[in-house]
Amino acid sequence: FFDYQFSIMSKFAVNILCIGAGYVGGPTMAVIAYKCPDVKVTIFDMNQQRIDAWNTDNLPIYEPGLDDVVKACRGKNLFFTTEYEQAMNEADIIFMSVNTPTKIHGMGKGRAADLKYIESAARMIAKTVKSGHKVVVEKSTVPVRCSVAIEKVLTACSGENTATFQVLSNPEFLAEGTAISDLFEPDRVLIGHSSNDSGKAACELLASVYARWVPRDRIITTNQWSSELSKLTANAFLAQRISSINSISAVCEATGADIDEVAYAIGRDSRIGPKFLKASVGFGGSCFQKDILNLTYLAYSFGLQEVGDYWYSVVQMNDWQRRRFGETIVKTMFDTVTSKHIAVLGFAFKKDTGDTRESSAIPVCKNLLEDGAILHVYDPKVSEEQAKADLAYEADGNPHVVKCIENNFKWSTSAMEACRGAHAVVVLTEWDEFKTLDFQQIFDGMTKPAFFFDGRGYLDLDLLKGIGFTVFSIGRTRSTAF
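Just so you know, these numbers come straight off a predicted model, no measurement behind them. (Residues numbered from 1 in each chain as written. Predicted model: local features only at pLDDT ≥ 70, side-chain atom pairs only at ≥ 80, totals over all residues. Heavy atoms only, no water.)

**Some details on the overall build of the protein chain**
Now for step 1: Of regular secondary structure, the protein chain possesses 18 helices and 14 strands.
Now for step 2: For a compact globule of 482 residues, the expected C-alpha radius of gyration is about 23 Å, and the protein chain comes in at 24 Å, within 12% of that figure.
Now for step 3: Its C-alpha atoms give the protein chain principal-axis dimensions of roughly 75 × 50 × 45 Å.
Now for step 4: In the protein chain, which comprises 482 residues, the proportion classed as buried is 54%.
Now for step 5: Residue pairs in contact within the protein chain that sit at least 24 positions apart in sequence constitute 76% of those at least 6 positions apart.
Now for step 6: Carbon and sulfur atoms provide 52% of the accessible area of the protein chain, an area that totals close to 21200 Å².
Now for step 7: Averaged over its 50 positive side-chain charges, the protein chain has a centre that lies 2 Å from the centre of its 58 negative ones. (Helix = DSSP H or I, 4+ residues; strand = E, 2+ residues; numbered from the N terminus. Rg over C-alpha atoms; globule rule 2.2 N^0.38 Å. Buried < 20%, exposed > 50% of the residue type's maximum accessible area, 1.4 Å probe, protein only. Contact = heavy atoms within 4.5 Å. Areas by Shrake-Rupley, 256 points an atom, 1.4 Å probe, with all protein chains shown as cover. Lys, Arg positive; Asp, Glu negative; His and termini not counted. Charge placed at Lys NZ, Arg CZ, Asp CG, Glu CD.)

This is the structure in structure tokens:
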């Protein structure tokens, strides 16, 4: 049993080091620092450019409310650095918040999580910490029983160092665009720990940090493996709801039913509820697809073929919805988009974030480019460089697509600029600013007939039709070819 002594040599009650200054580590640690002025938080990342950005007013990620939180704490009890040795040795708690992407090569490629950054971080901790006892926290999304592997690496790589470690699982449940409010008032904080006294003490130390602002009844403790599996399962269930309603959107288009009316009707059932029942071009982001693929790989690894097939169908439905939307655009525009100017509004995977990982805009734009369209793209938070890099990756070396990206992908500085002279407008991200556009002015400046494709189902169809647009909205208009 370890009796934790809180950083008695400094003015801070607890010292925290976080490895990784990305979408999870940055906001999470910033809020901990903001809510716990007696806790020192240091965020380490090997990317000097990223750390430099965290130390300016131009943060490397966009998240509503994040700027104010960082400014309130930076230089007081929140620090960003590329130097880790001193901070790691002084830390009571070390968070591992590194990327765990889906493997693209080798065994399990396309489904299993790539744990090379997790192992690298564990080795760094083991070799750096000289003595004392450290609580190491999995913040990254990892496969079930990854904590055991981390413990083995920490023990095997410590060499002559006398340090001891206790590993906890503490998965994040953030939604990009609302991450700060999610952290301020979380539905729950989940901590997985081993059943021995050391594990319980480590759990209490971490819980005591969160308890500075989170009610104790929202801090849930489990064993490590239940915690790891809960993260994968939560995202799988959320993505399942989106794919389920998207499947019904196709039925609505075939029958004349309205997907919003159907979603409202079923959402009134208290057993179902209204959340995540908004039909769209498909889900995106860094977690949903990755975590479902991880879950399917886990199921297949244990010989649970039917379980793996079931969850993999959620991803297949998402891919189909994206293809279906792109095909509808082409069919509606007289079966050809060759040399046609198409305005694409939105490239991020959802509003209020600049994150493009797994964005539905990527495959939709790639397919339209491959079909010969000239795309004029606008997004208020995504850079041209990022969008082009995403499309180049999606092209996978296809020389025709690469050439199309080079010649027919144009970046616009405003929605109005993107739409000027267009044959069609395609909305792929539900940014609030698109609701207030002057659609009459857009229509007047377009090539006729003017087409409008709402991939998020959130614009006023009657208004658009009244102006003169030929409109298609997922699940809200009949599927017809003109």
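**Quick word on the sheet that holds strand 13 (residues 451-454)**
Now for step 1: Read from one edge to the other, the open sheet built from six strands follows the order 11-10-9-12-13-14, with strand pairing classed as parallel. Only two strands of the sheet have a single partner each, and these edge strands are strand 11 (409-411) and strand 14 (470-473). With direction set aside, neighbouring strand axes in the sheet form an average angle of 20°.
Now for step 2: Note that strand 9 (residues 341-345) and strand 10 (residues 374-378) share five bridges and pair parallel. (Pairing = 2+ DSSP bridges. Axes fitted to C-alpha atoms, helices over the stretch in contact; angles between N-to-C directions.)

**What to know about the side chain of R324**
Now for step 1: In this fold, R324 is placed in helix 12 (residues 305-332).
Now for step 2: A relative accessible area of 12% places R324 in the buried class.
Now for step 3: Within the structure, R324 has its side chain in polar contact with the side chain of Q321 (distance 3.0 Å).
Now for step 4: Excluding residues that lie within four positions of it along the chain, R324 makes contacts with N246, S249, A250, E253 and I474. (Polar contact = N/O pair within 3.5 Å; in protein donor to acceptor, adjacent residues only side chain to side chain.)

**Quick notes on the pairing of strand 6 (residues 164-169)**
Within a regular beta strand, the side chains point alternately toward one face of the sheet and then the other, so they alternate between its two faces.
Now for step 1: Of all six residues that make up strand 6, five are buried, and the element is covered over most of its length.
Now for step 2: Taken together, the six bridges between strand 5 (residues 133-138) and strand 6 define a ladder with parallel strand orientation. Its bridge partner being in strand 6, H133 is matched across the sheet by T164.
Now for step 3: Each parallel crossover has a hand, and the one from strand 5 via helix 6 (residues 146-156) to strand 6 is right-handed. (Right-handed = clockwise from strand over helix to strand, strands pointing away.)

**Examining the pattern of salt bridges**
Now for step 1: Tallied over the full model, the rule gives 18 salt bridges.
Now for step 2: With a closest N to O distance of 3.1 Å, R50 and D45 form a salt bridge.
Now for step 3: Given the relative accessible area of 32%, R50 is considered partly exposed.
Now for step 4: Put simply, R123 and E119 hold a salt bridge, and the shortest N to O gap is 2.8 Å. Placement of both R123 and E119 in helix 5 (residues 116-128) is noted, with a separation of four residues, approximately one turn of the helix.
Now for step 5: Take R123: its relative accessible area is 33%, and that puts it in the partly exposed class. (Salt bridge = Lys/Arg side-chain N within 4 Å of Asp/Glu carboxyl O.)

**A word on unusual backbone geometry**
Now for step 1: With omega at -5°, the peptide bond leading from K448 into P449 counts as cis.
Now for step 2: Topologically, P449 is positioned in the loop between helix 17 (439-444) and strand 13.
Now for step 3: Even without being a glycine, R145 presents a positive backbone phi close to 80°.
Now for step 4: Mapped onto the elements of the fold, R145 is located in the loop between strand 5 and helix 6.
Now for step 5: When its relative accessible area of 43% is taken as the criterion, R145 is described as partly exposed.
Now for step 6: The phi dihedral of E358 falls on the positive side, at around 60°, and the residue is not glycine.
Now for step 7: Among the secondary structure elements, E358 is positioned in the loop between strand 9 and helix 13 (361-370).
Now for step 8: The exposure class assigned to E358 is partly exposed, which follows from its relative accessible area of 37%.

**Some details on helix 9 (residues 224-255)**
Now for step 1: For helix 9, which comprises 32 residues, the first-to-last C-alpha distance of 47 Å matches the rise-based estimate of 46 Å (1.5 Å per residue) to within 8%.
Now for step 2: One side-chain oxygen at the N-terminal end of helix 9 lies 3.0 Å from the backbone nitrogen of W225; it belongs to N223.
Now for step 3: Just past helix 9, the residue G256 takes up positive phi, approximately 95°. (Expected span 1.5 Å × (residues − 1).)

**Some words on the packing of aromatic side chains**
Now for step 1: Counted by the stated rule, this structure contains 16 aromatic pairs.
Now for step 2: On the numbers, 6.3 Å between centres and 45° between planes, the contact of F276 with F288 is tilted. Taken together, the residues F276 in the loop between helix 10 (259-267) and helix 11 (288-301) and F288 in helix 11 connect sequence positions twelve residues apart.
Now for step 3: Connected via pairs of aromatic rings, a cluster forms that spans F439, F443, F452 and F469.
Now for step 4: The side chain of R188 reaches across the aromatic face of F173, ending 3.7 Å from its centre.
Now for step 5: Across the ring face of Y62, the terminal group of K381 is positioned such that the distance to the ring centre comes to 4.2 Å. (Phe/Tyr/Trp six-rings, centres within 6.5 Å; stacked < 30°, edge-to-face > 60°. Lys NZ or Arg CZ within 6 Å of the ring centre and 35° of its normal.)

**Remarks on the side chain of N77**
Now for step 1: Turning to its location among the elements, N77 is positioned in the loop between helix 3 (66-73) and strand 3 (78-81).
Now for step 2: Classification of N77 by relative accessible area gives buried; the value is 5%.
Now for step 3: Setting aside residues up to four positions removed in sequence, N77 forms contacts with F12, A33, C36, P37, V39, K40 and V41.

**Quick look at helix 14 (residues 384-395)**
Counting along an α-helix, one turn takes 3.6 residues, and residues three or four places apart therefore face a common direction.
Now for step 1: Compared with the 16 Å implied by 1.5 Å per residue over twelve residues, the 16 Å span of helix 14 between its first and last C-alpha is a close match.
Now for step 2: If you check which residues of helix 14 are buried, you get A387, D390, L391 and A395. All buried residues of helix 14 project into a common sector of 140° when viewed along the axis, lining one side. For helix 14, exposure combined with an orientation more than 90 degrees from the buried face picks out E385 and Y393.
Now for step 3: Where helix 14 terminates, the next one or two residues include D396, which has phi positive at roughly 55°. (Arc of directions from axis to C-beta.)

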